[in-house]
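Residue-level listing of the chains:
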Amino acid sequence: MSSTIWSVDEHLDDILAAVRPLEPIELQLPDAQGCVLVEDVVVQVALPPFDNSSMDGYAVRVSDVEGATEEFPAVLTVIGDVAAGDGGLADGRSVGPGEAARIMTGAPLPAGAEAVVPVEWTDGGTGGGPASAMRAHSESPEGASGEVRVHRPVKPRAHVRAKGSDVRPGDLALKAGSVVGPPQIGLLAAIGRSTVRVRPRPRVVVLSTGSELVQPGEELTGGRIYDSNSFALTAAARDAGAIAYRVPAVADDAETLRATIEDQLIRADIVVTTGGVSVGAYDVVKEALSSVGDESAGEEGVAGGGVDFRKLAMQPGKPQGFGSIGPDHTPLMALPGNPVSSYVSFELFVRPAILTLMGLPDVHRPRVTATLATDEALSSPSGKRQFLRGTYDAEAGTVTPVGGAGSHLIAALAQADALIVLPEDVTSAEPGTRTEVILLR
């Protein structure tokens with residue numbers, strides 16, 4: 001273990017300087033969800049690709065319905081249907097003077113037509129009063145012929161979605177660096193893209209260490225506790241955008257831990273361990289990771305292989321490990337075992353590493369300044385940056401501590417949506433103090 005005391009910023013800078021974005025790959029649209037584009041996507045076809053109706057109704061010539069009212073309707077001859085997916089009227093006919101075509105939402109505007117009259121502005125071809133809906137073609141095919149009475153006039157291009165009104169060929173659809181979410185996938189599909197070039201979602205392997213750990217659902221025996229860290233960190237990795245794999249807790253045996261990690265390297269872009277990084281007689285992570293999968297291991301950091309175990313000037317989360325393992329120099333981050341220490345360490349160090357692997361430019365949680373809402377002063381150890389759990393009220397601009405400072409107090413963590421940051425030179429923060437806050441949600 002390095003004897004140097006590292007600052008929070010130094011440790012994070014070391015991580016981000018060593019972690020590199022994953023190599024881009026071409027993926028089918030469904031597989032690209034959550035990934036980051038590595039190139040601009042330019043529109044090749046107009047969207048919509050043709051003038052089409054935004055309503056169910058009748059395609060007409062504007063002059064034919066000018067001055068139409070319910071008392072004195074314009075009577076037009078219906079010459080056919082145009083449904084979504086049709087190329088237009090049958091036999092390529094045009095809408096001529098005194099004529100109308102029954103048209104469905106999304107159908108192409110037939111030649112000769114200048115606007116669409118909603119069906120509610122007509123009698124729907126029934127000869128009666130205003131229609132509330134169009135009769136189904138399968139039940140009433142004669143509706144595609146005969147006459148329709150139009151009760152209101154329309155302006156040119158009324159209820160018509162123009163070709164290219166959404167995007168035109170040559171337009172920039174999505175910028176490089178965009179995260180591919182559901183709306184982006186919809187746009188890509190709409191402009192005809194079946195694949196995109198992206199950086200894949202990082203694969204994160206999470207495992208807890210400790211012979212005292214029991215899987216939830218199993219019976220607790222004397223001296224044992226449930227493994228919560230691996231579940232929380234796996235969820236946090238997925239929340240950050242990664243594909244996360246949780247490994248059942250590993251006992252305090254260096255050979256077992258080493259073998260387990262080596263087995264996981266095939267599916268890992270980054271490995272995260274929790275527990276076993278302090279100075280106890282059974283903290284075996286340091287022992288196990290001194291040579292896991294890499295004969296050149298040592299304390300050289302990622303570039304030379306091996307994992308460096310450090311002490312950080314922070315609370316909670318003083319003991320940390322970072323380096324690379326295996327033939328591909330897979331990044332590994334060893335976090336403390338106390339639940340709050342583990343989660344805070346993930347937020348400060350692992351999450352930015354995951355977002356860096358994804359190729360995102362901004363890898364940090366949002367930070368704001370808020371007024372400390374507390375009944376008494378908060379104490380903080382001199383020379384350490386303290387991170388306290390809190391709830392942030394954006395409207396009031398305040399942050400309220402929840403739970404104590406103990407790194408084992410996980411219940412308060414579930415209530416918190418922010419971390420209150422007390423700098424290294426602050427030993428007491430009075431009520432009303434303006435302080436930095438890291439927003440977690």
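Attention here is on the structure that accompanies the text. The structure presented is a predicted model; accordingly, all values stated were derived computationally and were not measured. (Residues numbered from 1 in each chain as written. Predicted model: local features only at pLDDT ≥ 70, side-chain atom pairs only at ≥ 80, totals over all residues. Heavy atoms only, no water.)

With respect to the pattern of salt bridges
Let me state the cut-off plainly: Whenever a carboxyl oxygen of Asp or Glu lies within 4 Å of a side-chain nitrogen of Lys or Arg, that contact is scored as a salt bridge. Secondary structure is summarised from DSSP: a helix means a run of H or I of at least four residues, a strand means a run of E of at least two, and numbering begins at the N terminus for each. The rule is simple: take the accessible area with a 1.4 Å probe, protein chains only, and divide by the maximum for that residue type; under 20% is buried, over 50% is exposed, in between is partly exposed.
Within this structure, the stated rule accounts for 15 salt bridges. The shortest N-O distance in the salt bridge between Arg93 and Glu99 comes to 4.0 Å. Between Asp269 and Arg203 there is a salt bridge, with its nearest N and O atoms 3.1 Å apart. Note that Asp269 is positioned in the loop between helix 4 (254–264) and strand 18 (270–274) and Arg203 in strand 14 (residues 203–209), a separation of 66 residues in sequence. Residue Asp269 is classed as buried on the basis of its relative accessible area of 15%. What emerges from the salt-bridge pattern is a single network uniting Asp9, Arg385 and Glu424.

Some thoughts on helix 1 (residues 8–18)
Worth spelling out the cut-off: Each C-beta atom gives one direction from the helix axis, and the arc is the one those directions make.
Three or more residues of helix 1 are buried, namely Val8, His11, Leu12 and Ile15. Buried residues of helix 1, viewed axially, fall in a sector of 95°; they line one side.

Side note on the pairing of strand 22 (residues 330–335)
Keep this limit in mind: Pairing between two strands is assigned when DSSP locates at least 2 bridges connecting them.
Counting buried positions along strand 22 gives six out of six residues, so the element sits mostly inside the fold. Relative to strand 22, strand 18 runs parallel, the two sharing four bridges. Looking across to strand 22, one finds that Thr274 is bridged to Leu335. When strand 21 (residues 319–325) meets strand 22, the two strands line up antiparallel, connected through five bridges. Paired with Phe322 across the strands is Met333, a residue of strand 22. What sits between the antiparallel neighbours strand 21 and strand 22 is a turn of four residues, in which Gly326 has the positive phi angle 80°.

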